[in-house]
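Spelled out, the chains give:
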Amino acid sequence: MAISSRNVYHKIWQSFLAGDFWLCISNEILEEYAEVIARNIGVNVARYVIYTIMERKNVRQISPSYKWNLIQADLDDNKFVDCAIAANAKFIVTEDHHFDVLKDIPFPHVDVVSVDDFLKEVKLGCS
């Protein structure tokens, strides 16, 4: 969502590039980013974005050693949960409602915030 300069959420990408927050990723997450960006925007853009992410100092490469399987509605979403838990991340930013189930799981606790709430968290606003 945040890659295109025409999107209202582009300020998230700009804030990431400025080092305003940490991004925790795993190899599985990078592969999904590459696949989705290539499909929706193009292969060259996907390569650029992945390269840019990998070169940032505010990126933590995580190799989760345990699969929690907390999301049953879409098992593919668990890669984000496993990474967040292994990284002790503050939260996962998503609009995907499959992650809502995490609100009812006390352990391991993983907070989920919407993109708009994330904008407030990093004080970017949405105007």
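First things first, this report covers the structure right here in the doc. (Residues numbered from 1 in each chain as written. Predicted model: local features only at pLDDT ≥ 70, side-chain atom pairs only at ≥ 80, totals over all residues. Heavy atoms only, no water.)

Take the environment of Trp68 next. Summarising the element assignment, Trp68 is placed in the loop between β2 (59-61) and α4 (78-87). Between the C-alpha atom of Trp68 and that of Ile85, which follows or precedes it by 17 residues, the distance is 9.0 Å. (Helix = DSSP H or I, 4+ residues; strand = E, 2+ residues; numbered from the N terminus.)

Now for the packing of helix α1 (residues 10-17) against helix α3 (residues 43-55). Running from N to C, α1 and α3 point in directions that differ by 40°, and their axes come no closer than 10 Å. The pairing of α1 with α3 is recorded here as oblique in orientation. On the side of α1, the interface is formed by Trp13, Phe16 and Leu17, while α3 contributes Val49, Thr52 and Ile53. Split by residue class, the contact of α1 with α3 holds five nonpolar, one polar and no charged. (Axes fitted to C-alpha atoms, helices over the stretch in contact; angles between N-to-C directions. Parallel < 35°, antiparallel > 145°, perpendicular 65-115°, else oblique. Contact = heavy atoms within 4.5 Å. Nonpolar A, V, L, I, M, F, W, Y, C, P; charged D, E, K, R; others polar.)

Let's shift gears to the pattern of salt bridges. One pass over the structure, following the stated rule, counts seven salt bridges. For the salt bridge of Lys67 with Glu28, the shortest nitrogen-to-oxygen distance reads 3.7 Å. Residue Lys67 is found in the loop between β2 and α4, and its partner Glu28 is found in helix α2 (residues 27-40); the two are separated by 39 residues along the sequence. Its salt-bridge partner being Asp100, residue Lys103 comes within 3.8 Å of it at the nearest N-O pair. What makes Lys103 exposed here is its relative accessible area of 62%. (Salt bridge = Lys/Arg side-chain N within 4 Å of Asp/Glu carboxyl O. Buried < 20%, exposed > 50% of the residue type's maximum accessible area, 1.4 Å probe, protein only.)

According to the stated counting rule, one finds seven aromatic pairs in the structure shown. Here Tyr66 and Trp68 contribute two aromatic rings whose centre-to-centre distance is 4.9 Å and whose plane-to-plane angle is 75°, an arrangement assigned as edge-to-face. Where Trp68 meets Phe107, the ring centres are 5.9 Å apart and the plane angle is 80°; that geometry is what we call edge-to-face. Pair noted here: Trp68 is in the loop between β2 and α4 and Phe107 is in the loop between β3 (92-93) and β4 (112-113), with a separation of 39 residues, a long-range link. (Phe/Tyr/Trp six-rings, centres within 6.5 Å; stacked < 30°, edge-to-face > 60°.)

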